[in-house]
Amino acid sequence: PRVFDSGAAMTPTCYDCLPPLAAKYAMAERVKYINCKQALKEVDFISEDTKKNDVVTKWAYNVLGTRAFEVGEEMVIVPMADMFNHGSIPNVEIHYDE
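Residues numbered from 1 in each chain as written. Predicted model: local features only at pLDDT ≥ 70, side-chain atom pairs only at ≥ 80, totals over all residues. Heavy atoms only, no water.

Q: Help me out: how do you make sense of the packing of aromatic side chains in this one?
A: For any pair of aromatic rings, the description rests on two quantities: the centre-to-centre distance and the angle between the ring planes. All told, the structure shown has one aromatic pair when counted by the stated rule. Arranged with centres 5.5 Å apart and planes meeting at 70°, the rings of Y33 and Y61 form a pair that is edge-to-face. One end of the pair, Y33, is in helix α2 (residues 20–40); the other, Y61, is in helix α4 (residues 54–67), and 28 residues separate them in sequence. This pair shows no difference in class: Y33 is buried, exactly as Y61 is. (Phe/Tyr/Trp six-rings, centres within 6.5 Å; stacked < 30°, edge-to-face > 60°. Helix = DSSP H or I, 4+ residues; strand = E, 2+ residues; numbered from the N terminus. Buried < 20%, exposed > 50% of the residue type's maximum accessible area, 1.4 Å probe, protein only.)

Have a look at this one:
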């Protein structure tokens, strides 16, 4: 998706429109995004232009937040794996050999 409607993408006005518990969780997500953006300043292999681009950083944060999962102690993204859940009718089955 090009647009995410998570707490990270919301404005203070959005929080005012939410029920209190939803606003609390959305604001917590916003704080995580702000902390992530602060940490990004320390990464030297990403250009300064990219770091300053709020649209790109919010998109990247949301992609990680909605597609990453834990393997051991690391968060990983498996390319194309998130496409398995795009149908309204289940169309993928997992099989494996032991």
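Q: Help me understand the state of the cysteines, please; the structure alone is not making it clear to me.
A: Linking two cysteines covalently through their sulfur atoms gives a disulfide. Scanning all chains against the criterion turns up zero disulfides. Of the cysteine sulfurs around C17, a residue in no disulfide, the closest is that of C14, at 6.7 Å. Overall, C17 belongs to the exposed group, its relative accessible area being 66%. (Disulfide = S-S within 2.5 Å.)

Q: Explain the packing of α2 against α4 here, please?
A: Each pair of packed helices gets described by two things: the angle between the helix axes and the distance between those axes. Running from amino to carboxyl end, α2 crosses α4 at an angle of 115°, the nearest separation of the two axes being 11 Å. Relative to α4, the element α2 is oriented roughly perpendicular. With respect to the hand of their crossing, α2 and α4 are arranged in right-handed fashion. Of the residues in α4, those touching α2 at E29, R30, K32, Y33, C36, K37 and L40 are D54, T57, K58 and Y61. Residue composition of the contact of α2 with α4, by class: four nonpolar, one polar and six charged. (Axes fitted to C-alpha atoms, helices over the stretch in contact; angles between N-to-C directions. Parallel < 35°, antiparallel > 145°, perpendicular 65-115°, else oblique. Left-handed = near helix turned anticlockwise from the far one by under 90°. Contact = heavy atoms within 4.5 Å. Nonpolar A, V, L, I, M, F, W, Y, C, P; charged D, E, K, R; others polar.)

Q: Got a minute to help me understand the environment of N53 in this structure?
A: Its location among the elements puts N53 in the loop between α3 (48–52) and α4. A distance of 3.1 Å separates a polar side-chain atom of N53 from the backbone nitrogen of V55. (Polar contact = N/O pair within 3.5 Å; in protein donor to acceptor, adjacent residues only side chain to side chain.)

Q: Is there a simple way to think about a nonpolar patch on the surface in this case?
A: Judged by side-chain polarity, F69, V71 and V78 come together as a nonpolar surface patch covering roughly 240 Å² of accessible area. Looking at the element boundaries, V78 is found in the segment after β2 (74–76). (Patch = residues over 30% accessible without salt bridge, like charges linked within 9 Å, V, L, I, M, F, W, Y side chains within 5 Å. Areas by Shrake-Rupley, 256 points an atom, 1.4 Å probe, with all protein chains shown as cover. Salt bridge = Lys/Arg side-chain N within 4 Å of Asp/Glu carboxyl O.)

Q: Explain the side chain of K51 to me, please; I cannot follow it from the model alone.
A: Here K51 is to be found in helix α3. Of note is the side chain of K51, whose polar atom sits 2.4 Å from the backbone oxygen of V43. The contact partners of K51, leaving out residues within four places of it in the chain, are K37, L40, K41, V43, D44, I46 and T57.

Q: Teacher, can you tell me more about the environment of M75 here?
A: Along the chain, M75 falls in strand β2. The class for M75 is exposed, based on a relative accessible area of 53%. Put simply, M75 and G65 are ten residues apart on the chain and 9.8 Å apart in space, counted from C-alpha to C-alpha. In this structure M75 touches A68, F69 and E70, once residues within four positions along its chain are discounted.

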